[in-house]
Every structure is written in structure tokens, then in C-alpha cells.
Amino acid sequence: MTTRIEIDHRAGGTTLGAGPAAGRPDPALRHPEKAHRPDNPIQRKPAWIRVKAPTHPVYHETRALMRDNKLTTVCEEAACPNIGECWSQRHATMMIMGETCTRACSFCNVATGLPKALDADEPRRVGDAVAKMGLRHVVVTSVDRDDLDDGGAEHFARTIRAIRAAAPETTIEVLTPDFLRKDGALEVVVEARPDVFNHNLETVPKLYPTIRPGARYYHSLRLLDRAKQLDPTIFTKSGLMVGLGEARIEVLQVMDDLRSAEVDFLTIGQYLQPSVKHAAVERFVTPDEFEDYARMARSKGFLLVSATPLTRSSYHADRDFAALKAAREAKLAAA
């Protein structure tokens with residue numbers, strides 16, 4: 001029997017225990033819809049995707065700021081492996097509209113269930129936190145809110161406006177749900193003029209029924225296409241996870257689909273299994289394969305590509321936004 005340290009960022013503590021599930025929150029409590037599923041043992045991670053426990057004092061300052069402003073972050077709720085690095089640099093992805101999602105995707109660690117009513121003061125608190133942190137660039141995401149008539153689009157727009165008021169120099173990236181069957185929702189978000197509109201396809205079409213069962217691949221693709229049509233100046237972005245059983249040719253086809261929708265920025269990262277009740281990792285994709293994906297994506301015309309084992313949709317988003325702007329300016333100058 002081995003002893004290991006597991007960190008629950010939501011609780012703010014470190015616990016000791018035995019075995020691969022030690023110290024983790026009970027998945028049956030966060031994911032009641034997954035409780036009946038057979039366990040998928042969690043594989044030992046290869047050396048290239050192991051991360052250190054966060055110890056930097058700025059990490060704790062960032063966490064305290066989130067708590068003081070009563071804000072939720074996807075960094076915590078989705079158990080992102082990069083939280084130590086990002087929070088130590090005062091980077092955090094705000095997750096609005098609560099911490100409970102109406103969807104039950106088999107890859108996601110965000111809790112599922114019936115969400116609470118929207119907090120009308122949340123946009124102001126997000127704006128205040130962005131100003132206090134002095135962010136050059138902020139990412140705002142949310143849970144799926146299928147219970148709301150507009151899917152939460154107006155709450156996104158109010159948050160964008162609140163950030164503009166509190167921190168006018170900060171650029172804003174939104175990572176939205178798919179707004180499935182929410183007519184007019186996308187238009188509300190785009191009209192608020194975020195600098196980047198991000199919506200993740202997550203995986204290849206054949207895996208949607210098991211990995212992303214509440215979503216529709218071609219609807220998500222059309223959402224990205226429509227965002228660019230509504231505002232051609234907006235940067236559009238999407239992300240994929242690999243290691244779920246997809247074939248290389250399927251990933252390349254998704255790249256082609258995204259370029260047909262004129263998506264500017266693609267992220268690709270390794271899927272990591274949050275608990276034994278989540279979808280299993282089929283394999284760990286090697287760094288060389290990620291380099292191949294990045295090379296192929298650049299050849300297809302994306303302005304920017306981030307493809308590494310630890311890449312996540314919001315990882316290094318501030319630096320990447322600067323690179324996006326530079327890439328567009330270089331492309332226009334060469335035309």
C-alpha cells in the first residue's frame with residue numbers, strides 16, 4: 001500500500017491517505033448521476049504530465065481574493081492541474097452562474113444537479129476582483145444553465161460590461177456553453193463585445209454520445225461559425241481533449257471543421273480522469289504526438305495553436321492573446 005498526497009483546492013487543504021482515491025471528494029456527492037457507474041481505475045500518470053503541489057505565497061493570496069469576493073473558479077471546480085502555476089501568477093478563470101451544472105458530461109469534474117438562482121451582484125464582484133488583481137486579460141466561463149431561458153447569456157453580457165467598467169484596459173475572453181436551443185443567446189454575448197469568444201468542441205464527433213451526451217457537435221461548430229459572422233473582428237477559439245479513444249485522422253478532421261468556421265485559435269491537451277466514476281483515459285498521448293498535432297494545425301491556417309499534454313483552454317491566456325493579436329497583424333500586413 002502506498003501513501004500519497006492529494007490536494008482539494010475547493011476545501012483549501014491537503015489530506016493524506018492510502019491508495020489512488022485518497023483525499024479526493026466523494027464523486028457520488030458531486031456527481032450523483034455517475035454513482036451507479038462501474039469504476040474506471042485511474043492510471044498512473046507518465047512523468048511528462050506530473051505537476052508539483054502549489055506552495056507559492058501568491059497562490060494563497062489569489063485563493064483568498066476569490067473567497068473574499070465569493071467567486072467560483074473553473075480552476076478549482078474542474079480540478080485543473082495547472083492551478084498552482086496559474087494562481088501563483090495571479091491568473092484565474094472566473095466561473096459565473098454558480099458551481100452546479102445542468103449537464104452530466106462524463107469527462108467533467110464540475111458538480112451536476114439543479115443550480116441555484118443567479119446572483120445579480122456577481123458581475124460586479126467579478127469586475128472588482130479583476131481590477132484588484134490588475135489583470136491584463138481575464139477569462140470568464142460558466143456552468144451550463146439549461147434551466148435558464150437564455151442559457152445565462154445576459155449574465156455573461158452583464159459580467160463583460162462590469163469588467164469594462166472596473167478595469168477598462170483589461171481584455172476579456174469568454175468561454176461559453178453551447179446555448180443549445182437558446183435562440184438569440186449568442187447574439188447577446190457577442191453584442192457585449194468580448195475580445196475572444198471561446199467554445200470548446202472537447203472531442204471528436206463519434207465520442208459525443210458517451211463523452212458529451214448533452215451536446216451536439218455540429219451545433220457547437222455552428223456556434224463558433226456564427227460568432228465570427230456576427231463580429232468578424234472577434235477572435236474565436238476552441239479546444240480539444242485527446243486520450244479518450246479518438247483516432248489521429250478524426251482530430252485532423254475536427255481541425256478542418258474548425259478552420260471552415262474560421263476559428264483562429266486551437267488548444268489541444270491530454271484528458272485527465274477526475275475520479276473512478278469518470279470516463280477512462282484510453283491512453284496518454286506523447287509530447288511528440290502533441291508536437292505533430294501543433295504542426296498540422298498551423299499548416300491548416302490557425303493563427304495560434306497550443307498543443308501540449310498540460311494545455312488547457314485558459315492556460316497562459318494572457319500571453320496567448322498578445323500572440324493572437326500579433327499573428328493577425330502579421331497576416332494582414334502580408335496580404
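Small disclaimer: the values here were computed from a predicted structure and weren't measured. Along each chain, the written sequence defines residue order, and numbers are assigned to residues from 1. Per-residue local features of the predicted model are confined to residues with pLDDT of at least 70, and side-chain atom pairs are confined, for both listing and counting, to 80 or more; whole-chain, interface and lining totals are unaffected and use all residues. Only hydrogens and water are set aside when side-chain values are computed; all heavy atoms of the structure are taken into account.

Peer 1: Residue-level account of the overall build of the protein, with values.
Peer 2: Within the protein one finds 12 helices and 11 strands. Any residue under 20% of the maximum accessible area for its type is buried, any over 50% is exposed, and the rest in between are partly exposed; the area is computed with a 1.4 Å probe on protein chains only. When burial is assessed residue by residue, the protein has 55% of its 335 residues classed as buried. Note on contacts: a residue pair is in contact if any heavy atoms of the two residues lie within 4.5 Å. In the protein, 73% of the contacts between residues at least 6 apart in sequence involve partners at least 24 apart. Here, Shrake-Rupley sampling with a 1.4 Å probe gives the accessible areas, and only protein chains in the shown set may cover a residue. Of the roughly 15,200 Å² that the protein leaves accessible, carbon and sulfur atoms contribute 54%. Comment: elements are numbered from the N terminus, with helices defined as DSSP H or I runs of at least four residues and strands as E runs of at least two.

Peer 1: Mind laying out the environment of Ala307, listing which residues take part and the relevant values?
Peer 2: You can see Ala307 is positioned in strand S11 (residues 304-307). Separated by 14 residues in the primary sequence, Ala307 and Tyr293 place their C-alpha atoms 6.8 Å from one another. Setting aside residues up to four positions removed in sequence, Ala307 forms contacts with Ile268, Phe290 and Ala294.

Peer 1: Please provide a residue-by-residue account of the pairing of S11, values included.
Peer 2: Alternating positions in S11 separate into two faces, Leu304 and Ser306 on one and Val305 and Ala307 on the other, with burial throughout. As paired strands, strand S10 (residues 265-270) and S11 are joined by four bridges and run parallel to one another. From the neighbouring strand, Phe265 faces S11, where its bridge partner is Leu304. Convention used here: a crossover is right-handed provided that the path from the first strand, over the helix, to the second strand proceeds clockwise when the strands point away from the viewer. Considered for its hand, the β-α-β crossover made up of S10, helix H11 (residues 287-299) and S11 is right-handed. Each pair of strands is called paired provided DSSP finds at least two bridges between the two strands.

Peer 1: Before we move on, could you go through the packing of helix H10 (residues 248-260) against H11 and cite the residues and values that matter?
Peer 2: Only C-alpha atoms enter the line fits that serve as axes; for helices the fit covers just the stretch in contact. Angles between N-to-C directions range over 0 to 180 degrees. It is at 10 Å that the axes of H10 and H11 come closest, and there the two elements cross at 35 degrees. For the element pair H10 and H11, the recorded crossing hand is right-handed. In this structure, H10 uses Arg248, Val251, Leu252 and Met255 to contact H11, whose residues at the interface are Asp292, Tyr293, Met296 and Ala297. Broken down by class, the residue content of the contact of H10 with H11 amounts to six nonpolar, no polar and two charged. Crossings are sorted by hand: turned counterclockwise from the far helix by less than a right angle, the near helix makes the crossing left-handed, and turned clockwise it makes it right-handed. When residues are grouped by polarity, Ala, Val, Leu, Ile, Met, Phe, Trp, Tyr, Cys and Pro land in nonpolar, Asp, Glu, Lys and Arg in charged, and all others, Gly among them, in polar.

Peer 1: Explain helix H9 (residues 217-230) residue by residue, including any values.
Peer 2: For a helix, the expected span equals 1.5 Å multiplied by the residue count minus one. Given a rise of 1.5 Å per residue, 14 residues ought to cover 20 Å, and the 20 Å separating the end C-alpha atoms of H9 matches this to within 8%. When we look at burial in H9, the residues that qualify are Tyr217, His219, Ser220, Leu221, Leu223, Leu224, Ala227 and Lys228.

Peer 1: So what's going on with the side chain of Thr170? Residues and values would help.
Peer 2: Examined against the element boundaries, Thr170 turns out to sit in the loop between helix H6 (153-166) and strand S7 (171-175). With residues up to four places along the chain from it excluded, the contact list for Thr170 reads Val130, Leu135, Arg136, His137, Val138 and Arg164.

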